[in-house]
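Survey of secondary and tertiary structure
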Amino acid sequence: MLAVLETDIHWVNLDCGLKKRKYTEVNPALSIMVGAVPERYSWNGGEIGFDTYFSMARGNSSVPAMEMTKWFDTNYHFIVPELGPNVKFSYASHKAVNEFKEAKALGIETILPIYKEVVTELKEAGAIWIQFDEPTLVLDLDSHHLQAFTHAYSELESTVSGLKVLIETYFGDVPAEAYKTLTSLKGVAGFGFDLVRGTKTLDLVNAGFPSGKYLFAGVVDGRNIWANDLVVSLNTLKSLEDKLGKGNIVVSTSCSLLHTAVDLTNETKLDKEIKSWLAFAAPKVQEVNALAKALSGERDKAFFFSNAAAHSSRKFSPRVINENDQKAPQMSARLDSQQRKLGLPVLPTTTIGSFPQTMDLRRVRREFKAKKISEDDYVKSIKEEINKVVKLQEELDIDVLVHGEPERNDMVEYFGEQLSGFAFTVNGWVQSYGSRCVKPPIIYGDVSRPKAMTVFWSSMAQSMTKRPMKGMLTGPVTILNWSFVRNDQPRSETCYQVALAIKDEVEDLERAGITVIQIDEAALREGLPLRKSEQASYLEWVVHSFRITNCSVEDTTQIHTHMCYSNFNDIIHSIINMDADVITIENSRSDEKLLSVFREGVKYGAGIGPGVYDIHSPRIPSTEEIADRINKMLAVLETNILWVNPDYGLKTRKYTEVKPALSNMVAAAKLLRTQLARAK
């Protein structure tokens with residue numbers, strides 16, 4: 001029995017999907033491997049160097065970066081390749097082969113020839129197994145794409161001869177037609193399936209699986225941090241073995257362990273009982289090995305007993321259950337009364353929330369957490385930072401201000417630390433994009449809000465200015481999707497609990513005199529199920545969750561929300577149903593694709609701020625460039641609903657980048673106000 005996660009220098013992983021648009025990792029590695037470099041980066045052939053590589057990912061002083069969005073329904077970002085009839089593919093980067101050789105030393109038609117070169121070179125380097133990732137097979141593909149898939153692997157068949165090829169799928173069920181297409185391929189030694197999120201695939205496997213092939217059974221969850229129920233998984237594996245025969249089952253994780261934290265060993269501050277319920281990446285490898293050995297007759301009784309005890313503890317723990325519950329009514333539209341109260345100009349300017357987190361600011365938070373400075377000294381330091389941010393925005397003449405969030409470490413962790421039912425790691429980092437990592441909270445029990453979380457800081461900031469100051473909250477859907485969520489009840493139920501907690505905070509902010517409240521839902525689109533048949537149900541409960549948070553506010557209180565880096569066009573009607581007064585949304589890096597939905601006739605009556613510049617790049621856009629973007633928006637949106645803002649928070653940028661960029665943004669808004677006034 002082979003456990004797929006055991007270290008093996010003969011494995012190499014390629015991503016060879018045939019899709020409408022080819023998806024790569026967060027860096028443009030695969031685009032570079034096949035030489036798909038857009039003309040604007042002035043690449044003239046040969047091995048692609050770091051200057052071109054980083055320009056594609058981050059942009060430079062003269063050209064913007066390539067589009068970035070989310071990998072399927074995860075929080076992992078990727079660069080979207082720009083493919084077209086003028087792209088001339090070539091083997092332009094030997095990164096995959098070089099990394100395979102390094103590891104070994106330590107212990108679409110025109111694309112296919114490049115894959116053949118890579119596979120041939122890997123074979124010559126000594127590779128025995130090659131894994132091709134094809135998560136696109138869990139989507140609703142038409143016959144044209146399935147035929148292209150079959151043709152692609154038929155073309156590769158002679159090249160992979162002599163190698164053992166695994167085609168891995170994950171993130172959901174494989175539809176019947178895709179399953180039939182996949183398992184009919186010749187020259188493939190094994191097929192991998194996600195049996196955690198794709199439980200219906202089990203029925204297809206039991207109904208028919210090709211003789212003599214390996215089934216890579218993904219029974220250990222690679223997307224969440226809860227310990228596997230070893231007894232349940234072993235029963236599934238034994239049932240599969242009875243059907244397919246001994247020696248044909250390979251125990252695996254449901255997907256890459258990229259999406260979970262690394263190890264629990266260094267989590268010395270995590271509650272011991274909650275810790276016993278968890279399994280990060282390293283323990284998941286142990287679970288895979290334990291299941292593989294148990295399937296071959298070498299069951300580790302102590303390991304299985306410990307696992308069963310942990311599951312029993314979690315199931316009956318009083319810490320998981322909170323008997324309190326509430327119900328919430330609906331909310332109404334309020335735009336006219338808000339404008340009378342706020343008195344904002346045409347094309348009002350604002351930012352998304354955070355301002356740069358300097359080294360000094362991080363030091364102050366770290367020292368306060370370590371009890372090296374007093375609470376009075378901490379509050380004084382944060383107050384000074386807020387005052388600096390407020391004064392800067394006033395100097396720039398921004399219309400609706402933010403306090404800059406200097407007291408916050410992370411937009412989800414900060415709230416989770418103040419809600420019941422959450423636990424936290426010290427070293428549970430998970431990659432989001434590039435070198436940017438996040439530390440997701442763990443929702444282990446019922447959620448409630450013991451006390452106000454943001455009112456003190458928002459009230460302080462509002463007292464420093466006469467301009468509207470936004471209260472800044474993270475929405476329930478984003479808290480849910482950016483956490484490791486309990487798997488003993490429906491996700492919707494947990495989301496409603498978080499929504500009710502945020503509702504309490506919204507009401508307290510309003511009572512404190514905050515008239516603009518932003519409830520960020522950056523990850524709402526990210527959680528959309530991959531299969532169309534499951535999407536309506538998800539959209540129904542996430543929209544309801546958002547509406548719960550602000551259903552009781554006065555008409556004069558303006559509710560904002562923010563969404564980032566996803567394809568929103570297919571859920572635009574659900575976004576409208578959220579009934580937010582203003583939505584700010586990523587737009588600058590996707591070449592204004594969002595605007596196409598409005599060109600196609602969708603009417604949006606609330607305020608909307610498609611981002612006018614990309615904050616994930618250090619590049620500073622000119623006033624003229626931003627004005628041009630705003631004009632494109634005005635071609636499809638009414639003047640009285642358009643807001644001007646960056647496409648994301650400014651936390652990761654430097655003040656030397658933020659000040660000129662915001663100055664140019666405000667100047668562009670004023671320029672267009674003047675032009676609109678003259679036109680009247």
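**Focus: the nonpolar core**
Core analysis: the largest hydrophobic core is formed by 94 residues, its most contacted members being Phe355, Tyr613, Ile630 and Leu662. Each residue touching Phe355, except ones within four places of it in the same chain, is listed here: Val389, Leu392, Gln393, Val402, Gly404, Leu650, Lys651, Tyr655, Val658 and Leu662. Of all hydrophobic cores here, the second largest spans 64 residues; its members include Ile114, Ile130, Leu185 and Phe191.

**Structural notes on the pairing of strand β10 (residues 430-433)**
Bridge count for β10 against strand β11 (residues 436-438) is 3 bridges, and the pairing is antiparallel. By the bridge assignment for β11, Tyr433 is matched with Arg436. Hairpin connection of β10 to β11: 2 residues between the antiparallel strands, including Gly434 at a positive phi of 55°.

**Some thoughts on the pattern of salt bridges**
The final tally for this structure, using the stated rule, is 23 salt bridges. Connected through salt bridges with shared partners, the residues Arg314, Asp446, Arg486 and Asp488 form a single ionic network.

**Re helix α22 (residues 623-634)**
Helix length check: α22 (12 residues) gives 16 Å between terminal C-alpha atoms against 16 Å at 1.5 Å per residue, within 8%. For α22, the set of buried residues is Thr623, Ile626, Ala627, Arg629, Ile630, Met633 and Leu634. On an axial view of α22, the arc spanned by its buried residues comes to 160°, and they lie on one face.

**Looking at the side chain of Asp173**
By the element assignment, Asp173 lies in the loop between β5 (164-168) and α6 (176-183). One buried charge, Asp173, has no salt-bridge partner; the nearest side chain with opposite charge is Lys200, at 5.1 Å. Separated by 2.6 Å, the side chain of Asp173 and the backbone nitrogen of Lys200 make a polar contact. A distance of 2.8 Å separates a polar atom in the side chain of Asp173 from the backbone nitrogen of Thr201. Not counting chain neighbours up to four residues away, the residues in contact with Asp173 comprise Val138, Arg197, Gly198, Thr199, Lys200, Thr201 and Arg531.

**Looking at the packing of aromatic side chains**
Summed over the entire model, instances satisfying the criterion amount to 14 aromatic pairs. For the ring pair Tyr179 and Phe193, a centre distance of 5.6 Å and an interplane angle of 40° mean the geometry is tilted. With Tyr179 in helix α6 and Phe193 in strand β6 (residues 190-194), the pair connects residues that are 14 residues apart, well separated along the chain. Across the pair, exposure class does not vary: Tyr179 and Phe193 are buried alike. Counting every residue linked through ring pairs, the aromatic cluster contains Phe368, Tyr378, Phe456 and Trp457. The ring of Phe171 carries Arg223 above its face, with NZ or CZ at 4.9 Å from the centroid. Sitting over the ring of Trp226, Arg314 keeps its end group 3.8 Å from the ring centre.

**Quick word on the environment of His562**
The topology assignment puts His562 in strand β16 (residues 558-563). Here His562 falls in the buried class, since its relative accessible area comes to 2%. Along the backbone, His562 and Glu521 are 41 residues apart, and their C-alpha atoms lie at a distance of 5.6 Å. Setting aside its immediate chain neighbours within four residues, His562 contacts Ile352, Gln518, Ile519, Asp520, Glu521, Ala522, Thr584, Ile585, Asp647 and Tyr648.

Cut-offs and rules
- Residues numbered from 1 in each chain as written.
- Predicted model: local features only at pLDDT ≥ 70, side-chain atom pairs only at ≥ 80, totals over all residues.
- Heavy atoms only, no water.
- Core = buried A, V, L, I, M, F, W, Y, C linked by side-chain atoms within 4.5 Å.
- Buried < 20%, exposed > 50% of the residue type's maximum accessible area, 1.4 Å probe, protein only.
- Contact = heavy atoms within 4.5 Å.
- Pairing = 2+ DSSP bridges.
- Helix = DSSP H or I, 4+ residues; strand = E, 2+ residues; numbered from the N terminus.
- Salt bridge = Lys/Arg side-chain N within 4 Å of Asp/Glu carboxyl O.
- Expected span 1.5 Å × (residues − 1).
- Arc of directions from axis to C-beta.
- Lys, Arg positive; Asp, Glu negative; His and termini not counted.
- Polar contact = N/O pair within 3.5 Å; in protein donor to acceptor, adjacent residues only side chain to side chain.
- Phe/Tyr/Trp six-rings, centres within 6.5 Å; stacked < 30°, edge-to-face > 60°.
- Lys NZ or Arg CZ within 6 Å of the ring centre and 35° of its normal.

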